[in-house]
Amino acid sequence: MHFRMSIQPPPFPATAAPLSPVSVLDGASALAIELSQASVTFGVGANSVPALAQTSLRIPEGAFVALVGPSGCGKSTILRLASGLVRPTTGVVIVGGREVSAKALRIGMAFQNPTMLPWLTIERNIMLPLKIVEPFRSRYARDKKGAFRDKAHALLAQVGLKGFASKFPWQLSGGMLQRANLCRALIHEPRLLLLDEPFGALDQFTREELWAILQDLWLAHRPTVLLVTHDLREAGFLASRICVMSARPGRIIDDSAIDFARPRSIAMTFEPGFVALNQRLRELIVDARSAVPGDH
Amino acid sequence: MADPRLKQRLWSAGLIALFFLGWELFCLVSGMSDLILPRPSQIFATMVQRFPVLWPHILQTLATTMTGFALGVALGVLLGAVIGVSRTAYDTVYPLLIGFSSIPKVAVVPIFVLWFGSGTVPAVLTSLAICFFPIVVNIATGLATTEPEMEDVLKALGASKLDILWNVGLPRTMPFFFASLKVAVTYAFVGTVLAETVASNRGIGNVMMSASSNFNTPLVFAGLFILAGLGVALYVAFSLIEARVTGWATRKNDLLAA
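Below you will find a few notes about this structure. (Residues numbered from 1 in each chain as written. Chains lettered and ligands numbered in written order. Predicted model: local features only at pLDDT ≥ 70, side-chain atom pairs only at ≥ 80, totals over all residues. Heavy atoms only, no water.)

1. Brief notes about unusual backbone geometry
Negative phi values dominate among residues other than glycine, just as trans dominates among peptide bonds. All names here are of chain A. That bond from Glu134 to Pro135 is cis: its omega, 5°, falls within 30 degrees of zero. Examined against the element boundaries, Pro135 turns out to sit in the loop between helix H3 (128-132) and helix H4 (140-143). Following Arg262, the chain continues into Pro263 via a peptide bond in cis, with omega recorded as -5°. Following the sequence through the fold, Pro263 ends up in the loop between strand E10 (252-257) and helix H9 (272-290). (Helix = DSSP H or I, 4+ residues; strand = E, 2+ residues; numbered from the N terminus.)

2. Focus on the interface of chain B and chain A
On the side of chain A, 27 residues touch chain B, which itself brings 21 residues to the contact. Between chain B and chain A lies a buried interface of about 2300 Å² when both sides are counted; carbon and sulfur atoms form 68% of it. The partner of A:Arg137 in a salt bridge is B:Asp163, and the shortest N-O contact between them spans 2.7 Å. Here chain B is connected to chain A by three residue pairs in polar contact (both at pLDDT 80 or more). Contributing elements (two or more residues each) for the side of chain B that touches chain A: helix H7 (148-156) and helix H8 (161-199) of chain B. (Contact = heavy atoms within 4.5 Å. Buried area = accessible area lost by both parts, 1.4 Å probe. Salt bridge = Lys/Arg side-chain N within 4 Å of Asp/Glu carboxyl O. Polar contact = N/O pair within 3.5 Å; in protein donor to acceptor, adjacent residues only side chain to side chain.)

3. Notes on the packing of aromatic side chains
Inspection of the entire model under this criterion finds 19 aromatic pairs over all chains. Residues A:Phe260 and A:Phe274 carry aromatic rings whose centres are separated by 5.5 Å and whose planes lie at 40° to one another, so their mutual orientation is tilted. In this pair, A:Phe260 sits in the loop between E10 and H9 while A:Phe274 sits in helix H9, placing the two residues 14 residues apart along the sequence. For A:Phe274, a relative accessible area of 1% translates into the label buried. For the pair B:Phe100 and B:Phe132, a centre-to-centre distance of 6.1 Å together with 45° between the ring planes defines the contact as tilted. You can see B:Phe100 sitting in helix H4 (residues 87-102) and its partner B:Phe132 sitting in helix H6 (residues 120-144), a full 32 residues away along the chain. Among the residues examined, B:Phe100 registers a relative accessible area of 28% and is labelled partly exposed. One residue, A:Arg222, lies across the ring of A:Trp218, its end atom 4.0 Å from the ring centre. The side chain of B:Lys105 reaches across the aromatic face of B:Phe100, ending 5.1 Å from its centre. (Phe/Tyr/Trp six-rings, centres within 6.5 Å; stacked < 30°, edge-to-face > 60°. Buried < 20%, exposed > 50% of the residue type's maximum accessible area, 1.4 Å probe, protein only. Lys NZ or Arg CZ within 6 Å of the ring centre and 35° of its normal.)

4. Some words on the pairing of strand E7 (residues 192-196) of chain A
Residues and elements named next belong to chain A. Along E7, five of the five residues are buried, which leaves the element largely enclosed by surrounding structure. Here E7 shows no split at all, with Leu192, Leu194 and Asp196 on one side and Leu193 and Leu195 on the other all buried. By the bridge criterion, five bridges tie strand E6 (residues 107-111) to E7 in an arrangement that is parallel. In the sheet register, Phe111 faces E7, and the bridge partner there is Asp196. As judged from the five bridges shared by E7 and strand E8 (residues 224-228), these two strands associate in the parallel manner. Looking at the pairing, Leu195 lines up with Leu227 of E8. Each parallel crossover has a hand, and for E7 linked through helix H7 (residues 204-221) to E8 it is right-handed. (Pairing = 2+ DSSP bridges. Right-handed = clockwise from strand over helix to strand, strands pointing away.)

5. Remarks on the sheet that holds strand E9 (residues 241-245) of chain A
Residues and elements named next belong to chain A. In space, the six strands of this open sheet follow the order E6-E7-E8-E3-E9-E10, with mixed pairing throughout. Pairing within the sheet leaves two strands with one partner each, and these edge strands are E6 and E10. Averaged over all pairs of adjacent strands, the angle between strand axes in this sheet comes to 15°, irrespective of strand direction. Relative to E8, strand E3 (residues 64-68) runs parallel, the two sharing four bridges. Residue pairing in the sheet places Val65 in a bridge with Leu226 of E8. Here helix H1 (residues 75-83) sits on the sheet in contact with E3, E6, E7, E8 and E9, set at roughly 150° to E7. (Axes fitted to C-alpha atoms, helices over the stretch in contact; angles between N-to-C directions.)

6. As for H7(A)
All names here are of chain A. Over its 18 residues, H7 runs 26 Å from end to end, which matches the ideal 26 Å to within 8%, given 1.5 Å per residue. Buried residues dominate H7, accounting for 14 of its 18 residues. At the N-terminal end of H7, a side-chain oxygen is found 3.0 Å from the backbone nitrogen of Phe205, two or three residues along, and the residue is Asp203. Looking one or two residues past H7, Arg222 carries a phi angle of roughly 50°, positive in sign. (Expected span 1.5 Å × (residues − 1).)

7. So, the environment of A:Gly72
Tracing the chain through its elements places A:Gly72 in the loop between E3 and H1. Residue class for A:Gly72 comes out partly exposed when judged on its relative accessible area of 39%.

8. With respect to the pairing of E9(A)
Within a regular strand, side chains alternate between the sheet's two faces. All names here are of chain A. With five of its five residues buried, E9 lies for the most part within the structure. Side chains Arg241, Cys243 and Met245 project from E9 onto one buried face, and the interleaved Ile242 and Val244 project onto a second face that is buried too. Bridge count for E3 against E9 is four bridges, and the pairing is parallel. Within E9, the residue paired with Ala66 across the bridge is Ile242. Judged from the five bridges that link them, E9 and E10 form a sheet pairing that is antiparallel. Looking at E10, one finds that Met245 is bridged to Ile252. Hairpin connection from E9 to E10: six residues lie between these consecutive antiparallel strands.

9. Details of the pattern of salt bridges
This model, assessed by the stated rule, comprises 16 salt bridges over all chains. One salt bridge in this structure joins A:Arg241 and A:Asp255, with 2.9 Å as the shortest N-O distance. Here the residue A:Arg241 occupies a position in strand E9, and A:Asp255 occupies one in strand E10, the gap between them amounting to 14 residues. Given the relative accessible area of 40%, A:Asp255 is considered partly exposed. A salt bridge links B:Lys182 to B:Glu242; the shortest N-O distance between them is 3.0 Å. Separated by 60 residues along the polypeptide, B:Lys182 in helix H8 and B:Glu242 in helix H10 (residues 217-245) bring together distant segments of the chain. Across the pair, exposure class does not vary: B:Lys182 and B:Glu242 are buried alike.

Below you can see the structure in the form of structure tokens.
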């Protein structure tokens, strides 16, 4: 499918933080996520599995952070910590200025599996968060055929799914479902967007198309994004900052700012500066992998 | 013929007619006594002839079955939802249920009669006891197959357990639920007739019982045919409702216009 990309104004006022990095004025409150010596161990006693070694990570509001590292290193665990789905075994996780719980901060999430509900149209699938999250929830019955639907349609248009609103999920291809998945993660104007390998199951070209879309969406709405990925090009293209993690139990072994000008293009990913970054990240991960004690 | 589905249906109808025709011919040719195996034409004739007498019994059996079935659905959905949502409930209720469902229900009827006297109540209860189990199992299975990612997405939104059950769990169980309804409604008939046969003076089960003690085999068979007809009718009714409600689960793979 040929896809025309265009940046459109956001359909609703973005709850975005200012474009500039963390200002001195708001201090700690401008931190979207703060992990302080947080570690996670699954299970107890002899069967316990350390998933995340003591990790500290500070992510300012509006940042786009990518987490890369060998498989099973605890990348997804950090994501689940930030979403409140997992509690730290030790340490503290502060999200949106409060100790983490799902209600602390409006969170949008997307996984590799788009998990659209087969009995709902794409439009209704995308509107699902509005049915759950306040302040939309109490207006859902009234606005589902008006304002909310318009909102869903505007987002769908932004990701190139104009005209697919009333289709059912099984009528869409994998790439289209993943676009819809992004819409569902964004419709309730989340301040924090958590993405766990959202493009992992897609082919190279669809993936690159979706990178561009995600970049546009981020520039338009400016949520804080935490992206877990295996794809170093993806991390370099999208993120403003890349954290490299060691093998399990993971900890952060490298944390670098990525300063390529935005909006970035796919062509940029073949420029020497980008290739060099890729190379460096790759070596870090190869080292981390070989440092695995014993089996994997 | 233009419509292959119509052709298919005519074929099936023809084969069913052939079955009864074969039965009829077999009885005629072999000179089988109608005390042992009456001919279909005799059975239908008996049915028509005795219809005024049979009608109240048909209503009785139907009402008993539908009451037992409705109660069974309510109980089944409730138990299924509890088992599907709570691990503790699963561990405690499931073994009990499997134990209960392994008991032949004939053995339970006398207990119901002991408690409530003979008549309609034991029949309703037997029908309930026999039909709720497939509903429980299917609801619980449907709830247990919710994708963990979907649950994570909703939990991260701050959704309560009830939100998840209402928006994801229950709609997902609908295909399982309707599949189980079709089975359960036929089971409910079995339960009713069983109890009517053992301990009641009304209903098709009772008619068949007294007919067989009078060696009125055609009437016994007429009762069987009526039961089968009622079962098929209800099965079809629930299939139609199922197709309307859960069409998404049996969709055809339409080609996507790219």
